[in-house]
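Fold and geometry: a report
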Amino acid sequence: MTASKKIFGTDGVRGTANIEPVTAETALRLGRAAGHVFKHLDAKSRGSGRHKIVLGKDTRLSGYMLENALSSGILSMGVDVLFIGPLPTPGVAYVTRSLRADAGIVITASHNPYDDNGIKFFRPDGYKLDDKIEHEIEHLVFSGEIENIRPTADDIGKAVRIEDALGRYIEYTKASFPRGMTLEGMRIVVDCAHGAAYKSTPCVLRELGAEVIVYGNQPDGKNINKDCGSMHPRMICQKIWEHRADLGIAHDGDADRVLLADETGKLVDGDDIMAIAGLDLISQGTLAQKTVVSTVMSNAGLDAAIEGAGGRVLHTAVGDKNVIDEMLRGGFNFGGEQSGHLIFNDYGTTGDGLVAALQVLRIMRSKETPLSKLAQCWTRFPQIVINIKVREKRSFEELDHVPKLVADAEAELKGQGGRVLLRYSGTEPKARLLIEGRDAALIEKWSQKIAEAVKRQVGA
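The structure presented is a predicted model; accordingly, all values stated were derived computationally and were not measured. (Residues numbered from 1 in each chain as written. Predicted model: local features only at pLDDT ≥ 70, side-chain atom pairs only at ≥ 80, totals over all residues. Heavy atoms only, no water.)

Time to look at the packing of aromatic side chains. Counted according to the given criterion, the structure contains five aromatic pairs. Measuring from ring centre to ring centre gives 4.2 Å for Phe396 and Tyr424, while their planes differ by 15 degrees; the resulting arrangement is stacked. Of this pair, Phe396 sits in the loop between strand 16 (383-389) and helix 14 (402-414) while Tyr424 sits in strand 17 (residues 419-424), and the two are 28 residues apart along the sequence. No difference in accessibility class separates Phe396 from Tyr424, as the two residues are buried. One aromatic cluster is present, formed by Tyr94, Tyr169 and Tyr172 through successive ring pairs. (Phe/Tyr/Trp six-rings, centres within 6.5 Å; stacked < 30°, edge-to-face > 60°. Helix = DSSP H or I, 4+ residues; strand = E, 2+ residues; numbered from the N terminus. Buried < 20%, exposed > 50% of the residue type's maximum accessible area, 1.4 Å probe, protein only.)

Here is the structure:
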């Protein structure tokens, strides 16, 4: 192996479990490299005590394999491991800060099916890794330099299980909800996707006084995200009617996302939540620089609503890491993605599906307004998003007719404020096509033409 190889993608390391790079062998090397890097990162501010890394996971079967491999590598570098078991990704970030650890690691493939898995890293402050640190870890993994570093005797790390990690995260999320306000009298349906939030979200909602009906809380290692959760929100929308509930909450496997269903059973996505929360923060004077940070996937109607209230929307490349990086650069306190990653920087360092749901519930309670009415605060432009499974990720410029079709579509849609976005997913073998404009028939026509051209040439 050479130092030029890459294993980090747009959101950590991810792939099919037990196939490179998501193997026990590579996880062991990653653990060794991460242990070494974090042990010597900002050593002065971390003090002279024992070094430690928090290690959490979601509910996938392969999590056991990767957890043991990672911990072995970390321990072999003289760094202690703090096991916290299944916990949402934002919970791992919070516990990393709470325990003043050198780093946090969560084993998860987020919204992917159970046969995938991945590894995400957090800095001591709970934010995702800088590219520089990722490159340093990759270099150590592939160069072989780390093989010469072998602590012995009592310099080897030790592992302990943190029994109160779940309780710490529960109390942290409850603190994001106004003291004295309760959810009494509310009936909430929750779909935990058989993932990492299967204990935390129902517990928090019940402790705040809500009547909670829970689905997706029986993980067996193989059913995470399967026909449930935020990847399959139809179920939560149906359950609203069945239980005559006030709100539906759907997470993905690691619960850094949330999608909602209003009391009529209508889906409320990340753009809706950004409009509701963004306008509320503007009205309270608490939206930093009157700016919401979103990605290029967000609907143009969001820009119109926020601008109409005297604010602005900044757009980044797709990925919650890009949103967070822009928030940190500009000193902004709220951002997110249409897919349901919402970052309330006043409360946390990464997307947190539970905190986002609690912020919407706070607005519903304070305004005594149902979610369906709150969601009417903005008008969505017609938009079509098509996910195309691909066998390879060839440059779109190399595909016959595709560049011209995109250019022609953009030219025709430009006059109505429309746009075309064609890109490859950073975490899945898919091409994603987004077309937006005021004329629904026009965007339907161009979406079919472009999608078919891509499918013919690189479709799986």
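Back to the text.
Moving on, we come to the nonpolar core. Of all hydrophobic cores here, the largest spans 64 residues; its most connected members are Leu260 and Leu361. Counting 33 residues, the second largest nonpolar core, distinct from the first, contains Val13, Leu66, Val79 and Ile119. (Core = buried A, V, L, I, M, F, W, Y, C linked by side-chain atoms within 4.5 Å.)

A cis geometry characterises the amide bond from Glu20 onward to Pro21, with omega recorded as 5 degrees. For Pro21, the position within the fold is in the loop between strand 1 (13-16) and helix 1 (24-39). The backbone of Arg100 shows a phi angle near 55 degrees, a positive value even though the residue is not glycine. Topologically, Arg100 is positioned in the loop between helix 4 (89-98) and strand 4 (103-107). By relative accessible area, which is 60% here, Arg100 ends up exposed. The backbone of Ala153 sits at a positive phi, close to 50 degrees, despite the residue not being glycine. One can find Ala153 in the loop between helix 5 (131-143) and strand 6 (159-161).

With that settled, the discussion passes to the state of the cysteines. With the rule as written, the count across this model stands at zero disulfides. In this structure Cys192 is not part of a disulfide, and its nearest cysteine sulfur, from Cys228, lies 9.4 Å away. When its relative accessible area of 0% is taken as the criterion, Cys192 is described as buried. (Disulfide = S-S within 2.5 Å.)

This paragraph deals with the pattern of salt bridges. Side chains that differ in sign of charge can pair as their charged atoms come close. Counted by the stated rule, this structure contains 33 salt bridges. Between Lys6 and Glu138 there is a salt bridge, and its shortest N-O distance comes to 3.9 Å. Of this pair, Lys6 sits in the segment before strand 1 while Glu138 sits in helix 5, and the two are 132 residues apart along the sequence. Classification of Lys6 as exposed rests on a relative accessible area of 56%. Given the relative accessible area of 3%, Glu138 is considered buried. As a salt-bridge pair, Asp256 and Lys120 come within 3.5 Å of each other at their nearest N and O atoms. Taken together, the residues Asp256 in the loop between strand 9 (247-251) and strand 10 (258-261) and Lys120 in strand 5 (residues 116-122) connect sequence positions 136 residues apart. (Salt bridge = Lys/Arg side-chain N within 4 Å of Asp/Glu carboxyl O.)

Following the criterion strictly, the structure yields one cavity of 30 Å³ or more and no others. If you trace the largest cavity, you find it lined by Phe8, Thr10, Asp11, Gly12, Lys120, Phe121, Lys128, Leu129, Glu134 and Lys321. Counted by class, the lining of the largest cavity contains three nonpolar, two polar and five charged residues. (1 Å grid on protein atoms, 1.4 Å probe; cavity = no way out; pocket = protein on both sides within 12 Å on 5 of 7 lines; lining within 4 Å. Points joined across faces, edges and corners; volume = space filled by probe spheres on them. Nonpolar A, V, L, I, M, F, W, Y, C, P; charged D, E, K, R; others polar.)

What follows deals with the sheet that holds strand 5. Spatially, six strands are ordered 1-5-4-2-3-6 in an open sheet, and the strand pairing comes out mixed. Strands at the two margins of the open sheet, each flanked by one partner only, are strand 1 and strand 6. Sheet twist, expressed as the average angle between the axes of neighbouring strands with direction ignored, equals 20 degrees. Bridge analysis of strand 1 against strand 5 gives four bridges, and the strand direction is antiparallel. Its bridge partner lying in strand 5, Gly15 is registered against Asn117. Along the sheet, helix 1 contacts strand 1, strand 2 (52-57), strand 4 and strand 5; its crossing angle with strand 5, the most-contacted strand, is approximately 5 degrees. (Pairing = 2+ DSSP bridges. Axes fitted to C-alpha atoms, helices over the stretch in contact; angles between N-to-C directions. Contact = heavy atoms within 4.5 Å.)

Of all the seven residues making up strand 3 (residues 80-86), six are buried; the element is thus mostly covered by neighbouring parts of the structure. As judged from the six bridges shared by strand 2 and strand 3, these two strands associate in the parallel manner. Paired with Ile53 across the two strands is Val81, which belongs to strand 3. The handedness of the strand 2 to strand 3 crossover, carried by helix 3 (residues 63-76), is right-handed. Two strands pair when backbone bridges link them, and strand 3 and strand 6 are joined in this way by three bridges, in the parallel orientation. Looking at strand 6, one finds that Leu82 is bridged to Val160. (Right-handed = clockwise from strand over helix to strand, strands pointing away.)

Our next topic: the environment of Val106. With respect to the element layout, Val106 can be found in strand 4. Spatially, the C-alpha atoms of Val106 and Asp58 are 7.7 Å apart, while their sequence positions differ by 48 residues. In this structure Val106 touches Gly56, Lys57, Thr89, Val92, Gly118, Ile119, Lys120 and Phe122, once residues within four positions along its chain are discounted.

A few words on the packing of helix 6 (residues 165-174) against helix 12 (residues 353-367). For the pair helix 6 and helix 12, interaxial distance at closest approach is 10 Å and the crossing angle is 30 degrees. Between helix 6 and helix 12, the interaxial angle falls into the category roughly parallel. Two packed elements cross with a definite hand, and for helix 6 against helix 12 that hand is right-handed. Note on element contacts: helix 12 touches helix 6 through Leu354, Val355 and Leu358, opposite Tyr169, Tyr172 and Thr173. (Parallel < 35°, antiparallel > 145°, perpendicular 65-115°, else oblique. Left-handed = near helix turned anticlockwise from the far one by under 90°.)

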